[in-house]
Amino acid sequence: MGRHTLPTLVAIDGPAGSGKSSVSRAAARRLGFAYLDTGAAYRAFAWFNIEREIDTSDADAVRRLLPEFDYSIGTDPDEYYVRVGQTDVTDAIRSPEVSAAVSAVARIPAVRSQLTDLFQSLATNVDRPGVIIEGRDITTVVAPEAEVRILLTASEQARMDRRSAEITTQSAETVAEQLRSRDRADSQVVDFMSAADGVITVDSTHLDFEQTIQAVIDVINTRTKRALHE
Ligand SMILES: Nc1ncnc2c1ncn2[C@@H]1O[C@H](COP(=O)(O)OP(=O)(O)O)[C@@H](O)[C@H]1O
Ligand SMILES: Nc1ccn([C@@H]2O[C@H](COP(=O)(O)OP(=O)(O)O)[C@@H](O)[C@H]2O)c(=O)n1
């Protein structure tokens, strides 16, 4: 496939546990699109800070680590991996320690701007006809010009239930409290709870996984067909 035309961009934002990663990946697989998980980069950078024993409340120290952050991610939905240098951190970045540290590094403007540049370059260089990019500020900052922009939401209860079904090493109460406090911290930096102008909301509270994938694919198909006729 040539690189002559830019891929169709699909931007998806939403709070923790709304289904962004799993739904985006499944939708990308069905559409033959690439998939870019931006949260993984913030998590990997948090992991790298922990690895180097940086105090993540010290913004200067965190910033100084940025030039050394050698990050790579798989954008093929069937070959997902996350690496820092030669180390595979695909599983390590999901640990409670990383989840607890990630908001502190993500609120530093220099971190956001370096990662935003990286996401824009990764997204335009995929060898697929389109790419689904998911995170918190994709519809507003990373790809505000995307052909398709979606806010994927679900009630707080549904999000907590889904995440605690996934994480069996901690109690449901602990998982819920950690998710709530991360959303609180993150929403001070980016508004991902309300849809910006032109962003379509998909509420998955009463949809099962399959119905949510279908709802997202329907929005993508409707929007891209419309774009072709405009
Ligand atoms: N509509 C849905 N109904 C039930 N479970 C879902 C639905 N969407 C996603 N899930 C599940 O919820 C969990 C959290 O989804 P995930 O994609 O990790 O969310 P996010 O990336 O927004 O944090 C996963 O286990 C996923 O399989
Ligand atoms: N575009 C993005 C994506 C993630 N993040 C940060 O990265 C963290 C992890 O994102 P994630 O998407 O993996 O989190 P989950 O919703 O999957 O739990 C978030 O809690 C934010 O602090 C961000 O600031 N901007």
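Analysis parameters
Residues numbered from 1 in each chain as written. Chains lettered and ligands numbered in written order. Predicted model: local features only at pLDDT ≥ 70, side-chain atom pairs only at ≥ 80, totals over all residues. Heavy atoms only, no water. UniProt positions renumbered as here; feature names shortened; annotations may be inferred. Core = buried A, V, L, I, M, F, W, Y, C linked by side-chain atoms within 4.5 Å. Buried < 20%, exposed > 50% of the residue type's maximum accessible area, 1.4 Å probe, protein only. Helix = DSSP H or I, 4+ residues; strand = E, 2+ residues; numbered from the N terminus. Contact = heavy atoms within 4.5 Å. Near = heavy atom within 4 Å. Polar contact = N/O pair within 3.5 Å; in protein donor to acceptor, adjacent residues only side chain to side chain. Areas by Shrake-Rupley, 256 points an atom, 1.4 Å probe, with all protein chains shown as cover. Salt bridge = Lys/Arg side-chain N within 4 Å of Asp/Glu carboxyl O.

- An unreviewed UniProt entry lists the protein under the name Cytidylate kinase, from Cryobacterium frigoriphilum.
- Under Subcellular location (unreviewed entry), UniProt gives the following word-for-word description of the protein: "Cytoplasm".
- The annotation that UniProt attaches to the protein under Sequence similarities (unreviewed entry) is "Belongs to the cytidylate kinase family. Type 1 subfamily."

Observations regarding the nonpolar core
Phase 1 of the analysis: Of all hydrophobic cores here, the largest spans 58 residues; its most connected members are F45 and V82.
Phase 2 of the analysis: With eight residues, helix α2 (residues 39–51) is the single largest residue contributor to this core.
Phase 3 of the analysis: Non-local contacts of F45, meaning those with residues more than four positions away in its chain, are made with V62, L65, L66, F69, V105 and V111.

Notes on the site of ligand 1
Phase 1 of the analysis: Near ligand 1 lie 15 residues; those nearest to it are G17, K20, S21, S22 and R163.
Phase 2 of the analysis: A distance of 2.8 Å separates an oxygen atom of ligand 1 from a polar atom in the backbone of G17.
Phase 3 of the analysis: Expressed as a share of its isolated accessible area of 560 Å², the protein-covered part of ligand 1 is 80%.

Notes on the UniProt feature "domain: Cytidylate kinase" (unreviewed entry) in the protein
Phase 1 of the analysis: The sites that UniProt annotates as "domain: Cytidylate kinase" (unreviewed entry) are residues 10–221.
Phase 2 of the analysis: Helix makes up 49% of residues 10–221 and strand 15%, and the two end C-alpha atoms of the span are 11 Å apart.

Some words on the pattern of salt bridges
Phase 1 of the analysis: For the coordinates displayed, the defined rule picks out 13 salt bridges.
Phase 2 of the analysis: With its nearest N and O atoms 4.0 Å apart, the salt bridge here joins R136 to D186. You can see R136 sitting in the loop between β6 (130–135) and α6 (138–142) and its partner D186 sitting in helix α8 (residues 172–187), a full 50 residues away along the chain.
Phase 3 of the analysis: Taking relative accessible area as the criterion, D186 reaches 13% and is therefore assigned buried.
Phase 4 of the analysis: In this structure, the salt-bridge partner of R184 is E177, at a minimum N-O distance of 3.6 Å.
Phase 5 of the analysis: For R184, a relative accessible area of 48% puts it in the partly exposed group.
Phase 6 of the analysis: With relative accessibility at 39%, the residue E177 sits in the partly exposed group.
Phase 7 of the analysis: Residues participating in the shared-partner salt-bridge network are E156, E177, R180 and R184.

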